[in-house]
Amino acid sequence: DLEAIAQPLDFIGVNYYTRSVLKENKADPSRPHALEAPKSNRTDIGWEVIPSGLTDLLVWLNETYRPNDIYITENGAAYHTPPDDSGRIPDVERERYLHSHLNAILDAREMGVPVSAWFVWSLMDNFEWGFGYGQRFGIVWVDYETLERTIKDSGLWVQKLCKSRTVVAEEQS
């Protein structure tokens, strides 16, 4: 099977939400200890927001495997920001997360990493395999009782990004 699987890849797919901080396990080097990441900005699911971790991962993948292409197949954050009184969903934290991670991808591209696709996770709030309906990753709010859908501000930001094909500085967005 090694000969069959040792073929060039079309692309490497990367799902990135956060990093893991590990420490060597001297008793069993194959099983490092997971450490608590430094207290910092966190998503509602408790994951550290660390866009530089994505850049580091992409650079490492490129240097290690020399892929033809890399796709970011999932990238997103869980924030529970319900509609305000006007029905608008100002999920500023998710918008910042997406913006900073897209800039991390662009940083990696400037270093020669062949990233050509970025997929936001997720289009709609949905059932999350580990947390059920308790976490909201979508750029579209789903009212689980009525199934009504409302585009969050982060979704409007993604729409604007796609239309303009330009990433503006964070303080301008």
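In case you missed it, the structure is sitting above this.
Because the structure is predicted, anything quoted here is derived from the model rather than measured. (Residues numbered from 1 in each chain as written. Predicted model: local features only at pLDDT ≥ 70, side-chain atom pairs only at ≥ 80, totals over all residues. Heavy atoms only, no water.)

K.L.:
Give me the packing of aromatic side chains: which residues, what numbers.
P.N.:
Under the definition given, this model contains 7 aromatic pairs. With 5.6 Å between their ring centres and 55° between their planes, Y17 and W47 make a pair best called tilted. Taken as a pair, Y17 in the loop between strand 1 (12-16) and strand 2 (21-23) and W47 in the loop between strand 3 (33-35) and helix 2 (51-65) lie far apart in primary sequence, 30 residues in all. Put simply, the rings of Y17, W47 and F137 touch in pairs and so form one group of aromatic residues. When the ring centre of W141 is taken as reference, the NZ or CZ atom of R136 above it lies at 3.6 Å. (Phe/Tyr/Trp six-rings, centres within 6.5 Å; stacked < 30°, edge-to-face > 60°. Helix = DSSP H or I, 4+ residues; strand = E, 2+ residues; numbered from the N terminus. Lys NZ or Arg CZ within 6 Å of the ring centre and 35° of its normal.)

K.L.:
Could you give an account of the environment of D125, with specific residues and numbers?
P.N.:
Within the secondary structure, D125 is located in the loop between strand 5 (115-120) and strand 6 (140-142). Measuring from C-alpha to C-alpha, the distance between D125 and Y79 comes to 10 Å, with 46 residues separating the pair along the chain. Beyond its immediate chain neighbours, meaning those up to four positions away, D125 contacts R136, F137, G138, V140, W141, V142, Y144 and K152. Looking at D125, its side chain comes within polar contact range of the main-chain nitrogen of V142, at 3.4 Å. (Contact = heavy atoms within 4.5 Å. Polar contact = N/O pair within 3.5 Å; in protein donor to acceptor, adjacent residues only side chain to side chain.)

K.L.:
Can you explain the side chain of Q135? Please cite residues and give values.
P.N.:
Mapped onto the fold, Q135 is located in the loop between strand 5 and strand 6. Residue Q135 is classed as buried on the basis of its relative accessible area, which comes to 14%. Not counting residues up to four positions away in its chain, the partners in contact with Q135 are D44, I45, A78 and N126. (Buried < 20%, exposed > 50% of the residue type's maximum accessible area, 1.4 Å probe, protein only.)

K.L.:
Could you give me a rundown of the packing of helix 2 against helix 3 (residues 92-110), with the residues and numbers involved?
P.N.:
Taken N-terminus to C-terminus, the directions of helix 2 and helix 3 make an angle of 30°; their axes are 8 Å apart at the nearest point. What the angle tells us is that helix 2 and helix 3 run roughly parallel. Regarding helix 2 and helix 3, the two cross each other, and that crossing is right-handed. Contacts from P51, L54, T55 and L58 in helix 2 reach S100, H101, A104, I105, D107 and A108 in helix 3. Here the residues of the contact of helix 2 with helix 3 sort into 6 nonpolar, 3 polar and 1 charged. (Axes fitted to C-alpha atoms, helices over the stretch in contact; angles between N-to-C directions. Parallel < 35°, antiparallel > 145°, perpendicular 65-115°, else oblique. Left-handed = near helix turned anticlockwise from the far one by under 90°. Nonpolar A, V, L, I, M, F, W, Y, C, P; charged D, E, K, R; others polar.)

K.L.:
With reference to specific residues and values, describe the nonpolar core.
P.N.:
In globular proteins that are soluble, nonpolar side chains generally tend to be buried together. Judged by nonpolar contacts, the single largest core of 31 residues is most densely connected at V14, L58, I70, I72 and W118. Of all the elements in the fold, those that place two or more residues in this core are strand 1, helix 2, strand 4 (70-75), helix 3, strand 5 and helix 4 (153-164). Considering every element that reaches this core, the biggest residue donor is helix 3, with 6 residues. Not counting chain neighbours up to four residues away, the residues in contact with V14 comprise L57, L58, L61, I70, Y71, I72, T73 and E74. (Core = buried A, V, L, I, M, F, W, Y, C linked by side-chain atoms within 4.5 Å.)

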